[in-house]
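Report on the structure
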Amino acid sequence: MRLRITNFVLPVIGILCLGLIWAVLAANVKDLPSPLRTWQESKIYILQPLEKRGEMDQGILLLAYYSLFRVAKGFLLGALMGTPLGFLLGLSKTFNRAFDPVIQVLRPISPLAWLPLGLIVFQKSEPAALFTIALCSMWPTVMNTMSGVKSIPQDYWNVAKVLRLSKVQTFTKVLVPATLPHMFTGYRLSLGIAWLVIVASEMLTGTPGIGGFLWQEYNSLIYAHILLCILTIGVVGFLLDRMMGYVELRLRSI
């Protein structure tokens, strides 16, 4: 019981401290809205989260839904590319030597650099955003999956040989279970990056979503709505991470 109370109270204290810092900054920074003013100017988007009044003038849940739908598609595409690539890099030294330099060159490139290329190639903002999300978010999956494969003890492979497991059985009974924790670490990082990338993509392309709304309100000088978007981005990112952690626990318990 005491542990449950502590687990509830400590996060509340952290949130209150953050709110206090915010209020102090708002009192000293001219254009920064206070928590109260932010609520007053943004409550219509929170209290009517599914209301659609215009292309960008929509409830915060609708805007988050548009962004999350794009993130889901881009993340899944990145995972479908990154997971097999990570297995190949971990299993084949030849493949690793051939493609590791290419990956190390591509990995640090900013989404702000990939998005214009996507617009040139696809001529539309939606597929360009998906291309950018998939390409930027796949690298943690690749690197962690590769690391997981390389960290499998040699004893595991020896047991598979002694039991005369087929390649499919070795993959399903040895490789995947041993690599799963590393894979999900990569998935969690990739999902976080995908959420970051979609905000930047929507800001640049002006498409409906959290990022597009944030950029519109900045251009309109409505700073309270910017803070609403920032808080929404943080909360959704937190929930996505917890969701991925829960899925990992469920899979590992099977």
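See above for the structure.
Presented here is a report on the structure given in the accompanying data block. (Residues numbered from 1 in each chain as written. Predicted model: local features only at pLDDT ≥ 70, side-chain atom pairs only at ≥ 80, totals over all residues. Heavy atoms only, no water.)

**Remarks on the overall build of the chain**
Per the secondary structure count, the chain includes 10 helices and zero strands. When the helices and strands of the chain are listed from N to C terminus, the series reads α-α-α-α-α-α-α-α-α-α. Over its C-alpha atoms, taken along the principal directions, the chain stretches across nearly 70 × 60 × 35 Å. Per-residue burial for the chain yields a buried fraction of 37% across its 254 residues. Within the chain, contacts between residues at least 6 apart in sequence are counted, and of these 67% link residues at least 24 apart. Accessible surface computed for the chain: about 15100 Å², of which carbon and sulfur atoms make up 69%. Side chains of the chain carry 22 positive and 12 negative charges; the gap between the two charge centres is 14 Å. (Helix = DSSP H or I, 4+ residues; strand = E, 2+ residues; numbered from the N terminus. Buried < 20%, exposed > 50% of the residue type's maximum accessible area, 1.4 Å probe, protein only. Contact = heavy atoms within 4.5 Å. Areas by Shrake-Rupley, 256 points an atom, 1.4 Å probe, with all protein chains shown as cover. Lys, Arg positive; Asp, Glu negative; His and termini not counted. Charge placed at Lys NZ, Arg CZ, Asp CG, Glu CD.)

**Focus: the packing of aromatic side chains**
Throughout the structure, instances matching the rule amount to 10 aromatic pairs. One aromatic cluster is present, formed by Tyr65, Tyr66 and Phe69 through successive ring pairs. When the ring centre of tyrosine 45 is taken as reference, the NZ or CZ atom of arginine 53 above it lies at 5.3 Å. (Phe/Tyr/Trp six-rings, centres within 6.5 Å; stacked < 30°, edge-to-face > 60°. Lys NZ or Arg CZ within 6 Å of the ring centre and 35° of its normal.)

**Quick look at the nonpolar core**
The biggest cluster of nonpolar side chains holds 43 residues, and the ones touching the most others in it are Leu85, Ile103, Trp139, Val142, Tyr187, Trp195 and Ile210. Of all the elements, helix α8 (residues 167-205) adds the most residues to this core, at 11 residues. Contact partners of tryptophan 139, with chain neighbours within four places excluded, come to Leu85, Ile103, Leu106 and Arg107. (Core = buried A, V, L, I, M, F, W, Y, C linked by side-chain atoms within 4.5 Å.)

**A word on unusual backbone geometry**
One non-glycine residue, glutamine 123, lies in the positive phi region at around 65 degrees. The residue leucine 221 is not glycine, and still its phi comes out positive at about 65 degrees. In this fold, leucine 221 is placed in the loop between α9 (210-219) and α10 (223-253).

**Quick word on the packing of helix α7 (residues 154-162) against α8**
At their nearest, the axes of α7 and α8 sit 11 Å apart, and the two run at 170 degrees to each other. What the angle tells us is that α7 and α8 run roughly antiparallel. Every residue of α8 that contacts α7 at Tyr156, Trp157 and Ala160 is listed here: Thr170, Val174, Leu175 and Ala178. Class assignment for the residues of the contact of α7 with α8 results in six nonpolar, one polar and no charged. (Axes fitted to C-alpha atoms, helices over the stretch in contact; angles between N-to-C directions. Parallel < 35°, antiparallel > 145°, perpendicular 65-115°, else oblique. Nonpolar A, V, L, I, M, F, W, Y, C, P; charged D, E, K, R; others polar.)

**Quick look at helix α2 (residues 35-47)**
Because an α-helix packs 3.6 residues into every turn, residues spaced three or four apart end up facing the same way. The largest bend along α2 reaches roughly 55 degrees and is located at glutamate 41. By the burial criterion, the buried members of α2 are Thr38, Ser42 and Tyr45. (Bend = angle between axes of the 7 residues up to and from the residue.)

**Some thoughts on the pattern of salt bridges**
Enumeration according to the criterion identifies six salt bridges in this entry. Across the salt bridge formed by glutamate 41 and arginine 37, the nearest N and O atoms sit 2.8 Å from each other. Of this pair, glutamate 41 and arginine 37 both sit in helix α2, four residues apart, which is roughly one turn of the helix. When its relative accessible area of 32% is taken as the criterion, glutamate 41 is described as partly exposed. Classification of arginine 37 by relative accessible area gives partly exposed; the value is 37%. Among the ionic pairs, arginine 53 bridges to aspartate 57, the shortest N-O distance being 3.2 Å. For arginine 53, a relative accessible area of 32% gives the class partly exposed. Judged by relative accessible area, which is 30%, aspartate 57 ranks as partly exposed. (Salt bridge = Lys/Arg side-chain N within 4 Å of Asp/Glu carboxyl O.)

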